[in-house]
Amino acid sequence: MQMTELLAKKRDGGALSTEEIDFMIQGYTRGEIPDYQMSAMCMAILLRGMDERETLDMTTSMMHSGETLDLSPIRGIKADKHSTGGVGDKTSLILCPMVAAAGLKIAKMSGRGLGHTGGTIDKLESFSGFSTAISEETFFRNVNDIGIAIMGQTADLVPADKKIYALRDVTGTVPSIPLIVSSIMSKKLASGADVIVLDVKCGDGAFMKTEQQAEELARGLTRIGRLAGRKCAAVITDMDQPLGTAVGNALEVREALAVLRGEERGELLELCLTLGACMMVEAGVEWSVEEAKLSLMKVIEDGSALEKLAQMVRAQGGDARAVYDPALLPQAAVTMEAVSQRGGFVSRIHAERVGLISMHLGGGRVTKESSIDLSVGLQLHKKVGDRVQPGESLAVIHAASEEKAREAAEMLLECYEFSDGPIEKPRLIKQIIR
Ligand code: URA
């Protein structure tokens, strides 16, 4: 078999066979196929597409390019969640302890953030001493004992995706549905959960700019998950503005804690209840999403979801006192209000640019090796649809210095757009795909 033949076939709109796809993925992972041929293939796939069988074959081959996690030592139904990435996305911090408190098992592999979206691991490291560098044995034991553990991604899980994603990033081939589906699902399948729920973001701050594209991606992801024998659902959610009010690691943990304490009852809670309810229904422990949401609300109200987070933090070496006393979380040296010069109704908040401000403050990684400041970020006071008077604060900036805070405040004003007339608040949850 020759890669040149496969390239010509895909260029001309043909479908690659199972053997051809495996040859290409395994050959590229082993370094036998050069980057230039794989780049050309990614572009041919982006332009010509792949059918469902090809996408499943590509996902399966990528999944088997390295180690896979066998979760069979864990008793019960194992659930996992994936988000296609967003600014201010702290849902895992709320959702995981909530569903674990409701009886599902969360054995989650998570990544660190790169660029303007933070990773769950970075956020959790706001609890002093918390570590996700735990052995598989500890991971399994913790999930069996307390129902939840979060481990850092091991180097050898889906090496094909690491190589292909790096190539796509620099060849304009990220926004291809079969490539995104195989990238995400190979990792989720390799992580071993029985139930997978996907939060597919849609809007300015997301890969998928329109609801139609997001729906196509969500359907692709769930179909491949089911064909691979897992229970799968997706929720399409708005990313035309940051999620919730906090952007920045420790600040997002504070917001998540307020939701887990039952104090914040807005759309972020609604999203976590919906994702969790989809997990419970797919797991077969609840009949309907609405009933499942009520069960999950109980674990917020009786404090058991918050206690579950404390148990996990403790079990992974962290200072769980901060779960009950957020003042113990990292705090920035300087806080400064970003004051609006104009009045009106907020019509747009550029999510991606807000994420970049958090990065500018030191809260995001420029390269994998960069260290980050967990304390910095932004706390938004005004979201889309809110009325703003001239001189009112749009957000509080948390920074390491006055200079950084001033720069960030100026940048933030550029992220907001206003309308003179009232604006309807956008719906966070656009669709549930089950
Ligand atoms: N996230 C992934 O893991 N892969 C993609 O291709 C896009 C988003």
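Here, the structure is the one placed above.
The rules behind the values
Residues numbered from 1 in each chain as written. Predicted model: local features only at pLDDT ≥ 70, side-chain atom pairs only at ≥ 80, totals over all residues. Heavy atoms only, no water. Helix = DSSP H or I, 4+ residues; strand = E, 2+ residues; numbered from the N terminus. Polar contact = N/O pair within 3.5 Å; in protein donor to acceptor, adjacent residues only side chain to side chain. Contact = heavy atoms within 4.5 Å. Patch = residues over 30% accessible without salt bridge, like charges linked within 9 Å, V, L, I, M, F, W, Y side chains within 5 Å. Areas by Shrake-Rupley, 256 points an atom, 1.4 Å probe, with all protein chains shown as cover. Salt bridge = Lys/Arg side-chain N within 4 Å of Asp/Glu carboxyl O. Lys, Arg positive; Asp, Glu negative; His and termini not counted. Charge placed at Lys NZ, Arg CZ, Asp CG, Glu CD. Buried < 20%, exposed > 50% of the residue type's maximum accessible area, 1.4 Å probe, protein only. Pairing = 2+ DSSP bridges. Near = heavy atom within 4 Å. Axes fitted to C-alpha atoms, helices over the stretch in contact; angles between N-to-C directions. Parallel < 35°, antiparallel > 145°, perpendicular 65-115°, else oblique. Nonpolar A, V, L, I, M, F, W, Y, C, P; charged D, E, K, R; others polar.

Asker: I tried to follow the side chain of Ser65 on my own but got confused; where do I start?
Answerer: Examined against the element boundaries, Ser65 turns out to sit in the loop between helix H4 (52–63) and strand E1 (78–83). A polar atom in the side chain of Ser65 sits 3.1 Å from the backbone nitrogen of Ala160. With residues near it in sequence (within four places) discarded, Ser65 still touches Gln26, Thr29, Val158, Pro159 and Ala160.

Asker: Whenever I open this one, a negative patch on the surface confuses me. Can you help?
Answerer: Together, Glu67, Asp70, Glu136 and Asp156 make up a negatively charged patch on the protein surface. Mapped onto the fold, Glu67 is located in the loop between H4 and E1. The exposure class of Glu67 is partly exposed, given its relative accessible area of 41%.

Asker: What is the right way to read the sheet that holds strand E12 (residues 416–419) from this model?
Answerer: Hydrogen bonding along the main chain pairs the strands of a sheet, whether they run parallel or antiparallel. In spatial order, the strands read E10-E8-E12; together these three strands make up an open sheet with antiparallel pairing. Each edge of the open sheet is held by one strand with a lone partner, namely strand E10 (387–388) and E12. Relative to E12, strand E8 (residues 344–349) runs antiparallel, the two being bridged by four bridges. Along E12, the bridge assignment pairs Phe345 with Ser419.

Asker: What is the right way to look at the site of the ligand in this model?
Answerer: Near the ligand you find Tyr165, Arg168, Ile180, Ser183, Ile184, Lys187 and Phe207, and these make up its full shell. Between Arg168 and the ligand, the recorded distance is 2.9 Å, taken from a side-chain N or O atom to an oxygen atom. Contact between the ligand and Ser183: a nitrogen atom at 2.6 Å from a side-chain N or O atom of the residue. When the ligand is considered free in solution it has 230 Å² of accessible area, and contact with the protein chains removes 91% of it. Residue assignment for the shell around the ligand shows that the elements contributing at least two residues are helix H8 (159–169) and helix H9 (177–190). If one sorts the elements of the shell around the ligand by residue count, H9 sits on top with four residues.

Asker: Any chance you could explain the packing of helix H16 (residues 351–360) against helix H17 (residues 402–415) here in plain terms?
Answerer: Two numbers describe a pair of packed helices, the interaxial angle and the distance between the axes. Where H16 contacts H17, the axes come no closer than 10 Å and their chain directions differ by 175°. In this view, H16 runs roughly antiparallel relative to H17, as classed from their interaxial angle. Residue-level contacts link Arg353, Val354, Ile357 and His360 of H16 to Lys404, Glu407, Ala408, Met411, Leu412, Glu414 and Cys415 of H17. Looking at side-chain class alone, the contact of H16 with H17 contains six nonpolar, one polar and four charged residues.

Asker: I would appreciate a short explanation of the environment of Gly203 in the present structure.
Answerer: With respect to the element layout, Gly203 can be found in the loop between strand E4 (195–202) and helix H10 (211–227). Residues Gly203 and Gln241, spaced 38 residues apart in sequence, show a C-alpha to C-alpha distance of 8.2 Å. Contact partners of Gly203, with chain neighbours within four places excluded, come to Met208, Lys209, Met239 and Asp240.

Distances and angles like these do not, on their own, reveal function.
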